[in-house]
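Spelled out, the chains give:
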Amino acid sequence: MIAAASAAPARLPFSPSPSLMQVRDLIYKTAGIFQSNNRLRFLDEQCQKRIKALGLRTTREYFDCLTTKPMARGELSSLLNEITIGETFFFRNQPQLDGIRNVVLPRVLEAKSRMHLRHLRVWSAGCSTGEEPYTLAIILLEECKARLKGWTFEVVATDLNQRSIATAEAGTYGEYSVRNIEASLREKYFRFEGAQLQVMPEVRSKVRFTRLNLSEDAAMTSMTGVDIILCCNVLIYFDLASKKQVIHRFHSSLHNHGYLFLGHAESLFGISDEFQLVHLPSSTAYVKSEARDQKETG
Amino acid sequence: MTRMPCDPKLLQKLQSARELPTLPAVLIPLLQYLERPLDSQDVHQIVDLIAKDESLAARCLQIANSPLFGTTREVESIQSAVVVMGLERIHQIAVSCSFLKLLPSMKDVSPSVFWAHSLGCALVAREFAGKIGFPDPGKAYSAWLLHDVGIIALLAVAPEQFATALRLARSEHIPLHEAEKRELGISHEEAGKIIAGIWHLPPEIANVIAHHHSPDEASKDHALVSIVGFSDLLCRLNGIGYGYSETQQTNFAEDPAFIGLASQFARIQPFDLARFTFETEGTLEEVRAVVSQVYGGKH
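Residues numbered from 1 in each chain as written. Chains lettered and ligands numbered in written order. Predicted model: local features only at pLDDT ≥ 70, side-chain atom pairs only at ≥ 80, totals over all residues. Heavy atoms only, no water.

How would you sum up the packing of aromatic side chains? Please name residues and give values.
Residues and elements named next belong to chain A. One pass over the structure, following the stated rule, counts 21 aromatic pairs over all chains. Ring centres of Phe 89 and Tyr 176 lie 6.0 Å apart, and the angle between their planes is 85°; this geometry places the pair in the edge-to-face category. Separated by 87 residues along the polypeptide, Phe 89 in the loop between helix 4 (72–83) and helix 5 (94–114) and Tyr 176 in helix 8 (residues 175–178) bring together distant segments of the chain. A relative accessible area of 34% places Tyr 176 in the partly exposed class. When the ring of Trp 123 is compared with that of Phe 250, the centres are 5.3 Å apart and the planes differ by 90°; the resulting orientation is edge-to-face. (Phe/Tyr/Trp six-rings, centres within 6.5 Å; stacked < 30°, edge-to-face > 60°. Helix = DSSP H or I, 4+ residues; strand = E, 2+ residues; numbered from the N terminus. Buried < 20%, exposed > 50% of the residue type's maximum accessible area, 1.4 Å probe, protein only.)

Given below as structure tokens:
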């Protein structure tokens, strides 16, 4: 049962430099996204790309560049683009989607049933070119004969960029975007248009796209009665004050039973105590903090 | 939860110890070393003990050369591993590998899945203990590694019933100890308490084995038990459980064991649990890689 053990290691461990660890900590402190040890080699590769582009020599010099104004903020955004790959696709974070479908959805539906409401509202905040909200719509359509029987739902999808919204509304995607979709779902919810895939009207009718700036208070206050918010790899580009403001608005938009999902390895630590971290299978989410609510109402 | 009354024959089998596996010979002196003060531990004795068993030595080197134990350069012998990594780390590696010897006799839980869970829990517990300021997490490592030996006991005396419990847990996505209580009337904590007595394990290890899913019930070693209770749940949530996923939501801020630890260790308030969770993902990825290497990818 146990293979003949050999003393030779399969691979040598990667030894990150102290400067790389400083870059990792800086990214977490300022952007709120963590690169775990198994991603340090990847982080190093992305730093090396930026070092080359900037004509620098060492990671130490690059760390200085990330911490020295006026370059710091812009360069951090360039690095974040590299480490989040900058491009989205359907069914991007499967554990998160499984958590929404199997753990969160039953809890939300139970809470709404107690309120005698049978309509579900999901918000994809920072929806980019539409892959995330369409993914959510497909998952919820799949539940229409099961958990969502007798329910209605809508996915509200917002982004700051008007061009992204236009692409999303067109609903046409290349192979890269759809590579993670199960064959049966692809067949059911897409049709070929030449080399591209078009999202079927059944899915498109469930998603409402709107241009919205998360930093604009007036626009944000119009978003109410939301059950689930997804805001993935968006807040990492905001400064601390703006992040706090957006999170506060999300808190107001959500029902008391509502959930906030961030991108993989994104955290609200040190940003807000209005939400509590909860663990789902292989993913995390945030729920409204009851202690805080009681404090506010009491 | 419906609890089945425990079959008296099963209990008798556990207590009579006739069908239980014996503790691997090499593990006994390794555990005894823990009882000695650090300055009286003999490096040569540990090195000789490991080197005497070729397969154990080879496995120890595989683990020593993974990032799990913090090595920064390749080690080719147990002696050099001690020099590079220190006696405590080599001791932990040796305990982890000798524990493997208990596992191949199991039928219904893949030994690699079980070992990955035990190793993952011990490593996550050690990391967490270090962060919150728990004294001497290195010494506690063995207790955390052995926390689930009750499963070995159940597999030995009631393999069919245990398999049914595992199937139930898998189909309903519930914690294994709950399925055991429903199917066997006894959990691996309770079975583990019996086997810990038979093996004459030190009392703090026995406490961890008996109460890791219910740290509140431990009369002593509360922090030691709670830390592995926390890391056990975190490992299961991160896909290093018993080969299936549990559909549950956990809010550690409301977990009695976590609240107990927070009241005891000031560093937990505030503790960046999100960051620790992301760090754990990296550790567990390495655990999977090492386990796959040791088992030759057969799991």
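From this point, the discussion proceeds with the structure in view.
Got a sec to walk through the side chain of A:Thr284? Specific residues and values, please.
Its place among the elements puts A:Thr284 in strand 10 (residues 283–288). For A:Thr284, a relative accessible area of 14% gives the class buried. What A:Thr284 contacts, discounting residues up to four positions off in sequence, is A:Phe261, A:Leu277, A:Val278, A:His279, B:Thr277 and B:Phe278. (Contact = heavy atoms within 4.5 Å.)

Quick one: what's the story with the sheet that holds strand 10 of chain A, residue by residue and with numbers?
Residue and element names in this part refer to chain A. Ordered in space as 6-2-1-7-8-10-9, the 7 strands form an open sheet in which the pairing is mixed. Every interior strand has two partners, whereas the edge strands, strand 6 (207–211) and strand 9 (275–280), have only one. Across the sheet, the axes of successive neighbouring strands diverge by a mean angle of 25°, strand direction being ignored. Strand direction decides the pairing type here: strand 2 (residues 152–159) and strand 6, joined by 5 bridges, are parallel. Note that in strand 6 the partner of Val 155 across the bridge is Val 207. The sheet strands contacting helix 12 (residues 240–253) are strand 1 (119–125), strand 7 (226–231), strand 8 (254–262), strand 9 and strand 10, and the helix crosses strand 8 at an angle near 140°. (Pairing = 2+ DSSP bridges. Axes fitted to C-alpha atoms, helices over the stretch in contact; angles between N-to-C directions.)

Lay out empty space enclosed by the protein with the relevant residues and their values.
Applying the stated rule across the entire model yields 4 cavities of 30 Å³ or more. In terms of lining residues, the largest cavity is bounded by 14 residues, among which A:Gly263, A:His264, A:Ala265, A:Ser283 and A:Thr284 are the most central. Of all the secondary-structure elements, those providing two or more residues to the lining of the largest cavity are strand 10 of chain A together with helix 16 (273–294) of chain B. When its residues are assigned to classes, the lining of the largest cavity shows 5 nonpolar, 7 polar and 2 charged. (1 Å grid on protein atoms, 1.4 Å probe; cavity = no way out; pocket = protein on both sides within 12 Å on 5 of 7 lines; lining within 4 Å. Points joined across faces, edges and corners; volume = space filled by probe spheres on them. Nonpolar A, V, L, I, M, F, W, Y, C, P; charged D, E, K, R; others polar.)

Just give me the short version of the environment of A:Asn256, but keep the residues and values in it.
Residue and element names in this part refer to chain A. Here Asn 256 shows up in strand 8. Since its relative accessible area comes to 61%, Asn 256 is described here as exposed. Spatially, the C-alpha atoms of Asn 256 and Val 287 are 8.4 Å apart, while their sequence positions differ by 31 residues.

Please provide a residue-by-residue account of the sheet that holds strand 4 (residues 190–193) of chain A, values included.
Residue and element names in this part refer to chain A. If you walk across this open sheet you meet the 3 strands as 3-5-4, and the pairing is antiparallel. Strands at the two margins of the open sheet, each flanked by one partner only, are strand 3 (172–173) and strand 4. Looking at chain direction, strand 4 and strand 5 (residues 196–199) are connected through 4 bridges and run antiparallel. Residue pairing in the sheet places Glu 193 in a bridge with Gln 196 of strand 5.

Outline the nonpolar core, supporting the account with residue identities and numerical values.
The biggest cluster of nonpolar side chains holds 159 residues, and the ones touching the most others in it are A:Leu214, A:Phe250, A:Leu260 and B:Trp144. It is helix 7 (residues 111–132) of chain B that contributes the most residues to this core, 12 residues altogether. Here this core gathers at least three residues from each of two domains, domain 1 (18–83) and domain 2 (94–297) of chain A. Ignoring sequence-local partners within four residues, the contact set of B:Trp144 consists of B:Ser118, B:Ala122, B:Ala125, B:Arg126, B:Ala129, B:Phe134, B:Pro137, B:Val208, B:Leu224, B:Ile227 and B:Val228. Among the nonpolar cores identified, the runner-up in size contains 46 residues, and A:Leu140, A:Leu148, A:Ala168 and A:Val207 belong to it. (Core = buried A, V, L, I, M, F, W, Y, C linked by side-chain atoms within 4.5 Å. Domains from an automatic or database assignment.)

Lay out the packing of helix 7 of chain B against helix 8 (residues 137–145) of chain B in plain terms, naming residues and giving numbers.
Residues and elements named next belong to chain B. Look at helix 7 against helix 8: their axes get within 9 Å of each other, and the N-to-C directions meet at 150°. By the angle between their axes, helix 7 is roughly antiparallel relative to helix 8. Crossing angle aside, the handedness with which helix 7 passes helix 8 is right-handed. For the pair helix 7 and helix 8, contact is made by Ser 118, Leu 119, Ala 122, Leu 123, Ala 125, Arg 126, Ala 129 and Gly 130 and by Pro 137, Tyr 141, Trp 144 and Leu 145, respectively. Classifying every residue of the contact of helix 7 with helix 8 by side-chain character gives 9 nonpolar, 2 polar and 1 charged. (Parallel < 35°, antiparallel > 145°, perpendicular 65-115°, else oblique. Left-handed = near helix turned anticlockwise from the far one by under 90°.)

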